[in-house]
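# Examination of the molecular architecture
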Amino acid sequence: MTEATKIFNHKLERTLPGINYQVAMTQPENHLFKVTLRVQNWNSQELNLKMPVWTPGSYLVREYSKHIQNFSAHNHEGKPLVWHKLSKNHWQIQTKDITEITVQYRVFANELTVRTNHLDANHAYFNGAALFFYIPEFPDVAYQVKILTPSPSWRVTTALPSTGKTNTFYADDFDTLVDSPFEIGYQDVYKFEVLGKNHELVIWGKGNIEPKRVIDDLQKIIQVEAEIFGGLPYDRYIFILHLAPQGAGGLEHKNCCTLNYNRLGFRAKDSYERFMQLAAHEFFHLWNVKRIRPKALEKFDYEGENYTTSLWFCEGTTSYYDLMIPLRSGIYDAKTFLNNLSKEITRLQTTPGRFIQPVSESSWDAWIKLYRPDANSSNSQISYYLKGEMVSLLLDLLIRSHHNNKRSLDNVMAILWEQFGKPEIGFTPTDLQHIIESVAGMDLSDFFQRFIDGTEELPFNEYLEPFGLQVQAEDQKECVPYLGITVKTENGRESIKIVEINSPAQIAGIDPGDELLAIDGIRVTADRLNDRLKDYQVGDSIEISVFHQDELRTYRVTLETPVPKSYKVVPILQPTDTQKQNLMGWLGSSLSNSV
């Protein structure tokens, strides 16, 4: 008997119900998982089953129960039991004098993302939150999961330990079950070792990926991140990679992560480097947010929103490190790092919502805003990923400049790991601020008030100057007069997607959703709009014709001074020796070698 089996059997011996799941996929082409739940040693008049409405790491109520169908419940003799649905995700079964209950249901799975379920002819992927019920009265009961594959050639990969039986695994509790996705089917598995720990890269799908190259770079990333935290807090870690037609995304877990990436995105240098940033980001999360997490996320409430003002740190600081880690790993050089940083600064500086929404509020409102963008989103909100990343940059530069690079944000992460990560105790916003202040050696109340709880413009140059760098806007001569609309060609229509707040277009009355037709009577398309505007000067009055809710309208618009569309981090002229040393300490490269 294996040690894993002994542990699982010990849990069953306690006075807790036994919960066994069986997941079958007899006809994978129909995208339906057949799930069987057996509850044993039951001793109550009712059995309440609930399905999560969200999954940790993705802060949106996703209503997973909407995919459930064919729900039924029986006793051990196969006789139907009476049940009622009490809410969108709550089923209640009458179980008086019943000690063993079998529940069956199907789950439709045809959404290939890192946070949902997908089943087709050659693979199955599911997240526990999107497939399994939990019993609210027993949050810490153990779970057993058996997988029935449609073919013996289908492999099963999960971070959960085996019970010793074929394709059968166990989880200590529901949190662990949710935190351990399954990849099943035809897959390529590559095993490698880093710092004495076992790792796997599991790839589903076809593409132009070179596994050896990816593994070599993953090993570098793992080593660099482990140095920050003093080792690896697991025995085995899995990278699950889905090669998809388009798009990119990731979801972190304690002992694995799931990555979706463009199947043909591994040859071009910039696309490959973005993938390595994605991998670095999700791997960093195994510390930051999976173990070092806000008090509000210490115990998950799977039935509703879990509010915290600290997602700027959970996601934003992780985003800052996903820029830094490939640099430290030697995957790209300092010049590429600065170019990537320039792109992030451009994204922030071209988002009007940075003046409206503090990043702490953005963290709190993740549930209703970030994942539900609309035409006014860029005007009214800011991503906690993006601004959190930039705030983390400033904090790192502040700490480094005041301590000659002998302290950095790395020290903040290491202290958080020791005090909150290892014991898995949630931190409060006050805890977080105090630890950052202890490393910086100064009161940061003003910083937090202005840049985290406020909407003051981030003073990049003030913090970059000690490192011999500055942020410059693009050459204004190359800019076009400011109109303030974003247009996209969709189904033959020139659709106005965004109208910037207080822009000439908004002041004139142009709305998102309008169809752009012409400027001064001449047709204009999305791809030719900027060239057309170059025919005019600041202060010119032009006529813009649109269809507004199928009504032809013409607006007179006065063009304004061009606004920068891009920003770049560049060296200052004649940096001092101290600035050169600071830059070397931060980026590991001299100024002359960096740009």
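Our structure's up above, just so we're on the same page.
A few points on the structure. (Residues numbered from 1 in each chain as written. Predicted model: local features only at pLDDT ≥ 70, side-chain atom pairs only at ≥ 80, totals over all residues. Heavy atoms only, no water.)

### Side note on the sheet that holds strand β2 (residues 32-40)
Definition in use: Two strands qualify as a pair provided that DSSP identifies no fewer than 2 bridges between them. Secondary structure elements are defined from DSSP: runs of H or I of at least 4 residues count as helices, runs of E of at least 2 residues count as strands, and each element is numbered from the N terminus. Working convention: axes come from line fits to C-alpha atoms, limited for helices to the stretch in contact. Angles between N-to-C directions cover 0 to 180 degrees.
Ordered by their spatial adjacency, 6 strands build an open sheet running β4-β7-β2-β1-β10-β12, and the pairing between neighbours is mixed. Both outer strands of the open sheet, β4 (68-75) and β12 (168-171), are each paired with one neighbouring strand and no more. Ignoring strand direction, the axes of neighbouring strands in this sheet form an average angle of 20°. In this sheet, β12 lies alongside strand β10 (residues 143-148) in antiparallel orientation, the contact comprising 4 bridges. By the bridge assignment for β12, Val145 is matched with Phe169.

### Section: the pattern of salt bridges
As a reminder of what qualifies: Each reported salt bridge corresponds to a side-chain nitrogen of Lys or Arg within 4 Å of a carboxyl oxygen of Asp or Glu. Burial classification: accessible surface area is computed with a 1.4 Å probe over protein chains only, and a residue below 20% of its type maximum counts as buried, one above 50% as exposed, and the rest as partly exposed.
Under the criterion given, the structure shown has 28 salt bridges. The salt bridge partner of Arg450 is Glu456, with a shortest N-O separation of 2.7 Å. On the basis of relative accessibility, which here comes to 37%, the residue Glu456 falls in the partly exposed class.

### What to know about the sheet that holds strand β15 (residues 197-204)
Either a parallel or an antiparallel arrangement is found when strands of a sheet pair, and the pairing is made through backbone hydrogen bonds. We apply this condition: In this description, contact between two residues means that some pair of their heavy atoms is separated by no more than 4.5 Å.
What the 5 strands build is an open sheet, ordered β14-β15-β16-β18-β17; its pairing is mixed. Each end of this open sheet is capped by a strand with a single partner; those strands are β14 (188-194) and β17 (248-252). Within this sheet the neighbouring strands show an average axis-to-axis angle of 15°, counted without direction. In terms of strand pairing, strand β16 (residues 236-244) meets strand β18 (residues 256-262) through 7 bridges, oriented parallel. From the neighbouring strand, His242 faces β18, where its bridge partner is Asn260. In the packing of helix α4 (residues 269-284) onto the sheet, the strands contacted are β16, β17 and β18, and the crossing angle to β18 comes to about 160°.

### A look at the side chain of Thr158
We count it as follows: Definition of a polar contact: a pair of N or O atoms within 3.5 Å, with one able to donate and the other able to accept a hydrogen when the atoms are protein atoms, and with sequence-neighbouring residues admitted only if both atoms are side-chain atoms.
Its location among the elements puts Thr158 in strand β11 (residues 155-158). Side-chain polar atoms of Thr158 contact the backbone oxygen of Pro181, separated by 3.2 Å. Ignoring sequence-local partners within four residues, the contact set of Thr158 consists of Phe169, Ser180, Pro181, Phe182, Arg236 and Ile238.

### Quick look at the packing of helix α3 (residues 211-229) against α4
Convention followed: Roughly parallel means an angle under 35 degrees; roughly antiparallel, over 145; roughly perpendicular, 65 to 115; everything else is oblique. In this scheme the handedness of a crossing depends on how the near helix is turned from the far one: anticlockwise by less than a right angle means left-handed, clockwise means right-handed. Classification convention: Asp, Glu, Lys, Arg as charged; Ala, Val, Leu, Ile, Met, Phe, Trp, Tyr, Cys, Pro as nonpolar; all other residues, Gly among them, as polar.
Here α3 crosses α4 at 40°, and the two axes come no closer than 10 Å. With respect to α4, the element α3 is oriented oblique. Read as a crossing pair, α3 and α4 show a hand that is right-handed. Listed contacts from α4 to Arg213, Val214, Asp217, Leu218, Ile221, Ile222, Glu225, Ile228 and Phe229 of α3 are Tyr272, Phe275, Met276, Ala279, Ala280, Phe283 and Phe284. Within the contact of α3 with α4, the residues separate by chemical class into 13 nonpolar, no polar and 3 charged.

### A short note on the packing of aromatic side chains
Counted only if it meets this: Pairing of aromatic rings covers Phe, Tyr and Trp, the last counted by its six-membered ring, and requires centre-to-centre distances within 6.5 Å; plane angles under 30 degrees mean stacked, over 60 mean edge-to-face, and any other angle means tilted. Whether a charge sits over a ring depends on NZ of Lys or CZ of Arg being within 6 Å of the ring centre and within 35 degrees of the ring normal.
On inspection of all chains with the given rule, the structure shows 47 aromatic pairs. Ring geometry for Phe229 versus Trp287: centroids 4.4 Å apart, planes at 10°, classification stacked. Note that Phe229 is positioned in helix α3 and Trp287 in the loop between α4 and α5 (311-329), a separation of 58 residues in sequence. The same class applies to Phe229 as to Trp287, namely buried. Relative to Trp586, the ring of Phe337 has its centre 5.6 Å away and its plane inclined at 85°; by these criteria the two rings are edge-to-face. In this pair, Phe337 is assigned in helix α6 (residues 334-349) and Trp586 in helix α16 (residues 577-587), connecting sequence segments 249 residues apart. On the accessibility criterion, Phe337 (0% relative accessible area) is buried. The cationic tip of Lys197 hangs over the ring face of Tyr234; the distance from NZ or CZ to the ring centre is 5.8 Å. Against the face of Tyr272 rests Arg213, its NZ or CZ located 3.5 Å from the ring centre.

### Notes on the environment of Val53
For Val53, the position within the fold is in the loop between β3 (46-50) and β4. Judged by its relative accessible area of 1%, Val53 is buried. Non-local contacts of Val53, meaning those with residues more than four positions away in its chain, are made with Leu60, Val61, Arg62, Glu63, Tyr64, Lys88, Asn89, Tyr302, Glu303 and Gly304.

### Topic: α16
An α-helical turn contains 3.6 residues, so any two residues separated by three or four positions project in the same direction. Formally: For this quantity, the arc is that covered by the directions from the helix axis to the C-beta atoms.
Buried within α16 are the following residues: Gln579, Asn582, Leu583, Trp586 and Leu587. For α16, the angular spread of buried residues about the axis comes to 105°, placing them on one side. Across from the buried face of α16, at angles greater than 90 degrees, the exposed residues are Asp577 and Gln581. Positioned one or two residues after α16, Gly588 has a phi angle of 75°, which is positive.

### Thoughts on unusual backbone geometry
Positive phi, normally seen in glycine, also occurs at Asn41, with a value near 55°. Considering the arrangement of structural elements, one finds Asn41 in the loop between β2 and β3. Backbone geometry at Glu424 places phi at a positive 55°, although glycine is not the residue there. Residue placement: Glu424 occurs in the loop between α10 (409-421) and α11 (429-440). Overall, the relative accessible area of 27% leaves Glu424 in the partly exposed class.

### A closer look at the nonpolar core
For clarity, the threshold we go by: Take the buried Ala, Val, Leu, Ile, Met, Phe, Trp, Tyr and Cys residues and link them wherever side-chain atoms come within 4.5 Å; each set so joined is a nonpolar core.
Judged by nonpolar contacts, the single largest core of 102 residues is most densely connected at Trp312 and Trp586. Trp312 has contacts with Thr317, Val359, Ser363, Tyr384, Gly388, Val391, Ser392, Leu395, Leu432, Ile436, Phe448 and Ile452, leaving out every residue within four places of it along the chain. Grouped together as the second largest cluster of nonpolar side chains are 50 residues, Val35, Ile101, Ala109 and Val145 included.

### What to know about the packing of α5 against helix α9 (residues 384-402)
Two packed helices can be described by the angle between their axes and the distance between those axes. In contact at an axis separation of 7 Å, α5 and α9 are set at 65° when each is read in the N-to-C sense. When the axes of α5 and α9 are compared, the pair comes out roughly perpendicular. In this structure, α5 meets α9 at a crossing whose hand is right-handed. Across from Leu311, Trp312, Glu315, Gly316, Thr317, Ser319, Tyr320, Leu323 and Arg328 in α5, the residues of α9 making contact are Tyr384, Tyr385, Gly388, Glu389, Val391, Ser392, Leu393, Leu395, Asp396 and Arg400. When its residues are assigned to classes, the contact of α5 with α9 shows 9 nonpolar, 5 polar and 5 charged.

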